[in-house]
Amino acid sequence: MASQERIIVLGGDGFCGWPTSLRLSREGYDVVIVDNLSRRKIDVELGCQSLTPIRPIERRLRTWQELTGRTIGFHNLNIAEDYHELEQLIEAVRPKAIVHFAEQRAAPYSMKSPRHKRYTVDNNINGTHNVLCAIVESGLDVHLVHLGTMGVYGYGTAGMSIPEGYLTVKVDIDGVDREIEIPYPPHPGSIYHMTKTLDALLFYYYNKNDDVRITDLHQGVVWGTNTEETLLHPDLINRFDWEGDYGTVLNRFLVEAAVGHPLTVHGTGGQTRAFIHIRDTVRCISLAIQHPPARKERVKIFNQATETHRVRDLAALVARLTGAEIRHYINPRNEAPDNELVIHNEQFLELGLNPITLSEGLLQEVIEVAARYRDRVDQSKIIADSRWRADIPLDREGRGLQTLSPITQTVNGH
Ligand code: NAD
Ligand code: USQ
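Cut-offs used in this document
Residues numbered from 1 in each chain as written. Chains lettered and ligands numbered in written order. Predicted model: local features only at pLDDT ≥ 70, side-chain atom pairs only at ≥ 80, totals over all residues. Pairing = 2+ DSSP bridges. Helix = DSSP H or I, 4+ residues; strand = E, 2+ residues; numbered from the N terminus. Axes fitted to C-alpha atoms, helices over the stretch in contact; angles between N-to-C directions. pLDDT = per-residue confidence, 0-100. Contact = placed C-beta atoms within 7 Å. Parallel < 35°, antiparallel > 145°, perpendicular 65-115°, else oblique. Left-handed = near helix turned anticlockwise from the far one by under 90°. Core = buried A, V, L, I, M, F, W, Y, C linked by C-beta atoms within 7 Å. Buried ≥ 20, exposed ≤ 12 C-beta atoms within 10 Å, placed from the backbone. Expected span 1.5 Å × (residues − 1). Arc of directions from axis to C-beta.

(A) Geometry of the sheet that holds strand β11 (residues 272-277). Taking strand neighbours across the sheet as the criterion, the three strands line up as β9-β11-β13 in an open arrangement whose pairing is mixed. Of all the strands in the sheet, the pair left with one neighbour each is β9 (221-223) and β13 (307-310). Direction aside, the axes of adjacent strands within the sheet are offset by 45 degrees on average. Bridge count between β9 and β11: three bridges; the pairing is parallel.

(B) Just the confidence of the model for the chain, in detail. Counting all residues, the mean pLDDT for the chain is 94, and 95% of those residues have values of 70 or more. Contacts of residues 402-414 to residues separated by more than four positions or lying in other chains number 20 contacts, the stretch itself having pLDDT below 50.

(C) Highlighting the packing of helix α1 (residues 17-26) against helix α9 (residues 278-290). At a minimum axis distance of 9 Å, the contact between α1 and α9 shows a crossing angle of 50 degrees. Put simply, α1 runs oblique to α9. Once α1 is placed against α9, the crossing between them reads as right-handed. Contacts from P19, T20, R23 and L24 of α1 reach α9 at I278, V282, I285 and S286.

(D) Region of the structure containing the nonpolar core. Counting residues in each nonpolar core, the largest one holds 91 residues, and the members touching the most others are I7, I8, L10, V99, F253 and L254. Setting aside residues up to four positions removed in sequence, I7 forms contacts with L24, Y29, V31, P95, K96, A97, V99 and I289. Membership of the second largest hydrophobic core comes to eight residues, among which are A106, Y192, M194 and Y246.

(E) Up close: the environment of T306. Looking at the secondary structure, you find T306 in the loop between β12 (300-304) and β13. C-alpha of T306 to C-alpha of I367: the two residues are 61 residues apart in sequence and 21 Å apart in space. Residue contacts for T306: discarding those within four places in its chain leaves F275, I276, D280, N345, P355, I356 and T357.

(F) Molecular detail of the environment of F275. Assignment of secondary structure puts F275 in strand β11. Residue classification places F275 among the buried residues on the basis of 24 C-beta atoms within 10 Å. F275 sits 167 residues away from P108 along the chain, and the two C-alpha atoms are 18 Å apart. In contact with F275, not counting residues within four places along its chain, are G220, V221, W223, L250, A305, T306, E307 and H309.

(G) Main features of the pairing of strand β4 (residues 97-100). With burial as the criterion, each face of β4 is covered, one bearing A97 and V99 and the other bearing I98 and H100. Bridge analysis of strand β1 (residues 6-10) against β4 gives four bridges, and the strand direction is parallel. Bridge pairing in β4 links I7 to A97. Of the pairings in the sheet, the one linking β4 to strand β5 (residues 143-149) comprises four bridges and is parallel in character. By the bridge assignment, I98 is partnered in β5 with L144.

(H) Local environment of the sheet that holds strand β8 (residues 214-219). Sheet architecture is open: seven strands sit in the order β3-β2-β1-β4-β5-β8-β12, paired in parallel fashion. At either margin of the open sheet sits one strand with a lone partner, and together these are β3 (73-75) and β12. Direction aside, the axes of adjacent strands within the sheet are offset by 20 degrees on average. Running at roughly 160 degrees to β1, helix α4 (residues 83-93) makes contact with β1, β2 (30-34) and β3 of the sheet.

(I) Focus on unusual backbone geometry. The phi torsion at D174 lies on the positive side, around 50 degrees, for a residue other than glycine. Tracing the chain through its elements places D174 in the loop between β6 (166-173) and β7 (176-183). Positive phi, close to 75 degrees, is recorded for K296, a residue that is not glycine. Take K296: it is sitting in the loop between α9 and β12. Classification of K296 as exposed rests on a count of 9 C-beta atoms within 10 Å.

(J) Expanded view of helix α3 (residues 57-68). A rise of 1.5 Å per residue sets the reference length of α3, with its 12 residues, at 16 Å; its end C-alpha atoms lie 16 Å apart and thus fit the reference within 8%. Those residues of α3 that sit buried are R60, L61 and W64. For α3, the buried positions fall inside an angular range of 90 degrees around the axis, keeping them on one side. Pointing more than 90 degrees away from the buried face of α3 are the exposed residues E58, R59 and E66. Where the residues of α3 are buried, they touch α1 and β3. At the C-terminal side of α3, G69 shows a positive phi close to 75 degrees.

Pasting the structure below:
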């Protein structure tokens, strides 16, 4: 890597952005974080806190500087609103790449109310558009690396493997069969996921019209909490979401087990999702920065996920490791009760990613973190109370598998 290469990390105070910023700094990049700390404010709105005691950003950065001698810059900007400041920052920093994590990322939060739907759309779409527009206005050749989601594809695969972004289809052109590649048809399952499909259209346009070099990482559900760098000092600890809106499924099950709450399986637990450990998230982003698309190359899309699991299998695994009770709740979401999911992810493997897969060692590590901080969990915030439609009843107790199927069918129409 050439010395003095700079990277701007948008959303660098968040769950994926913080460990990525540390990793990139350690690799020798000059890192500048932009974050409006909205995620910390949402904790206040929801009346809960990260399982782990995260420090203020200023203290995080001071401790990193004391430990490593490396400085990470910080700018408190709202990328969805502070366009002029963002554009000036890009011109001043002249980054090799911008890594874009700065979006409202919880599907349940995006479905809570009309206000939350509108906030998620305004924040995510304006933010992404401002970044693209500012790159073009700066006149610089900046590689944009965006964190997207596997959820843009939906989770129904019609019996095939989900390709990395582009689908090969056969069409009849003037009576001759031709194969063409088209962007995979979007099939979002929440307002949040929908914003990621709209982001993809913005990328398509700015890549086509302005030759902006873009990598879109379609990431699966992230689990785990620590990376090599966040383990260096307690001040560097990563955030860990567990409550009903932001907590993701496997991390939630591990916290629920630690506090003696039943594991909250939504519906039958037949949903299959793609997963990645946070340590592979940071590796993948580093690899994506090292392998930018060529100028005028189309948007490069990677599936950033290393394995797939069915929700009820994850619950069974956590129950076996911890003795936790499994309980089935009416699914608050409008999603298929069962799905198969097979994905392609060869591009990162070819670049040298050696994937971390679900192992008892790594699960134990998270179980230990959960046990250490379990007093910080307010159990009344565990059940997901955001529902995809007003006619889905809120289930605080868990109805049991016997009564579940008819209720799910009536409510969700599946
Ligand atoms: P997070 O909420 O922990 O971090 C997002 C950060 O962006 C926060 O620090 C927040 O304050 C900041 N931010 C939000 N809007 C902003 C704005 N307008 N201006 C400036 N800063 C803003 O989320 P995360 O889990 O780190 O996710 C990061 C990205 O990765 C998201 O785009 C998400 O869609 C994607 N992703 C996450 C997961 C996961 O399981 N966590 C999985 C797949 C994809
Ligand atoms: N689920 C449960 N019980 C729970 C929580 C979730 O059964 O207590 C189920 C959900 O109903 C869903 C599945 O587990 O079927 C995954 O839910 P999740 O909350 O772990 O993940 P999701 O809402 O899809 O969103 C997360 C991140 C998001 C990212 C996405 C990747 O919050 O930012 O985009 O994972 S993906 O799922 O591949 O689209």
